[in-house]
Amino acid sequence: MKDIKALDEQYIAHTYARFPLRLTEGEGSLVYDEEGKEYIDLGSGIAVNTFGVCDKVWQKAVTEQLGRLQHVSNLYYSDPCVRLAEMLCSRTGMSRVFFSNSGAEANECAIKAARKYAAQTLGEEYVTIITLKNSFHGRTITTLAATGQDVFHKDFQPLTPGFVYAEPNDLADLERLLTENRCAAVMMEVVQGESGVRELDADYVRGAARLAAQYGALLIIDEVQSGNGRSGKLYAYMHYGVQPDIVSTAKGLGGGLPIGATMFNEKTADVFQPGDHGSTFGGNPVSCAGGVSILERIDDALLSRVQAKSNMIRTALTGAPGVEEVTGLGLMLGVKTTRPVGEVVAECMEQGVLVLKAKDRMRLLPALNIPEELLQKALNVIRGVCAKGISQ
Ligand SMILES: *Cc1c(COP(=O)(O)O)cnc(C)c1O
């Protein structure tokens, strides 16, 4: 641990505040550090390891592809990406997919497409994209601009122009921005992940979809974190009864390999023409084979188990000593604790449970197939840590 810490400090750019933990292997929802200490993983590499670590079905799909062809340029046809795109479209009703390698890139693609679509349908001045305060859309200069949190903006000016920020759950504010600006799109996470795992009101999301359509602006839903079964539906927007024009996703789609996907509906499917956009690694056959294996298993039975485990967490934590609020959907939950969240996360880790932070809340993103007994064990630890020193 001392060696790796010193070398990391010396050679890795200082962008991450790491916990003092070196994970070396795992299986399912259990991971192990260098000394063999076991942890129940409720973070899944930030919603990436959809079926946990080294899941056998996923591993087989990925290694089979790895043994055939690890990469092919987008100058040629390739099966895994087409299969994955077909699955995504048939499961969502969307029409076409662009593949990239990360959430930020999936959002960049959505933003480029929306700007081009608006230029064609409304006029070249219709460039503004409305996003929400407290949103998170990525770390590139453009997706930072899309991110409605000042803390991420300072030091990196000038950001890409053309973004304005609406108050979440306030339709009047959204309509004001739609009238004051020439808008290409309204873009949102229906569950704001990074800023504390808060789901938007159903009336708001439906109202926003209606308003966007009324002003000719596209509705872009960022499902980078909430997508791929995590919310208890395949995509979280499906809880709201809206049909987006563009959907971006990433994190859990590859089950642990880098992938981003931007889906277009029939309105936006033809926006991009050859030369408009591209990605060398986009549609990588190994990542896409992983994606096919993940999506195949996110069926109604799995989704209802996700919902059942969500209820299990809510039941265990809602009203528990030291727990003030539980928010989110499915297995994407935020927990407001009375104790400082940093202490809670560190003590859970001490006691063999890995949880995440999102601003001032604890964030739980377990693997979708976490066994109930492991989840129960982890919840007992969390309850104990949250209750510590709290008088009832
Ligand atoms: C993580 C995240 C992103 C950025 O994804 P990267 O793969 O880190 O680029 C974008 N949007 C949301 C909602 C996210 O949670």
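Shown above is the structure to which this text applies.
All of the points below concern the structure found in this document. Just so you know, these numbers come straight off a predicted model, no measurement behind them.

1. A look at the overall build of the protein chain
Inference 1: Of the regular secondary structure elements, the protein chain holds 13 helices and 17 strands.
Inference 2: Over its C-alpha trace the protein chain gives a radius of gyration of 21 Å, about what one expects of a compact globule, namely 21 Å for 392 residues.
Inference 3: Once the C-alpha set of the protein chain is aligned to its principal axes, its extents read approximately 60 × 55 × 45 Å.
Inference 4: Each of the 392 residues in the protein chain was classed as buried or not, and the buried ones make up 55%.
Inference 5: Roughly 17,600 Å² of accessible area belongs to the protein chain as shown, and the carbon and sulfur atoms make up 52% of that amount.

2. A few points about the pairing of strand 13 (residues 323-329)
Inference 1: Most of strand 13 is tucked away, with 5 of its 7 residues classed as buried.
Inference 2: Relative to strand 14 (residues 332-337), strand 13 runs antiparallel, the two sharing 6 bridges. Note that in strand 14 the partner of V326 across the bridge is V335.
Inference 3: Adjacent in sequence and paired antiparallel, strand 13 and strand 14 are bridged by 2 residues, among which G330 carries a positive phi angle near 55 degrees.

3. Quick look at the environment of L159
Inference 1: Its location among the elements puts L159 in the loop between helix 7 (150-153) and strand 6 (163-166).
Inference 2: On a C-alpha basis, the gap between L159 and E35 in space is 44 Å, while along the polypeptide they are 124 residues apart.

The rules behind the values
- Residue numbering note: each chain is counted from 1, following its sequence as written.
- It should be noted that, the model being predicted, local features are given only for residues of pLDDT at least 70 and side-chain atom pairs only at 80 or more, the latter also being counted only at that level, while totals for whole chains, interfaces and linings use all residues.
- Neither water nor hydrogens contribute to the side-chain values; these are computed over all heavy atoms in the structure.
- A run of H or I in DSSP counts as a helix once it spans at least four residues, and a run of E counts as a strand once it spans at least two, with each numbered from the N terminus.
- Using C-alpha atoms as the atom set, the radius of gyration is obtained and then compared with a globule rule of 2.2 Å times the number of residues to the power 0.38.
- Only protein chains enter the calculation, and the probe is 1.4 Å; a residue is then buried if its accessible area is under 20% of its type maximum, exposed if over 50%, and partly exposed in between.
- What sets the accessible areas is the Shrake-Rupley method with a 1.4 Å probe; for residues, cover comes only from the shown protein chains.
- The pairing criterion for strands is at least two bridges between them, as found by DSSP.

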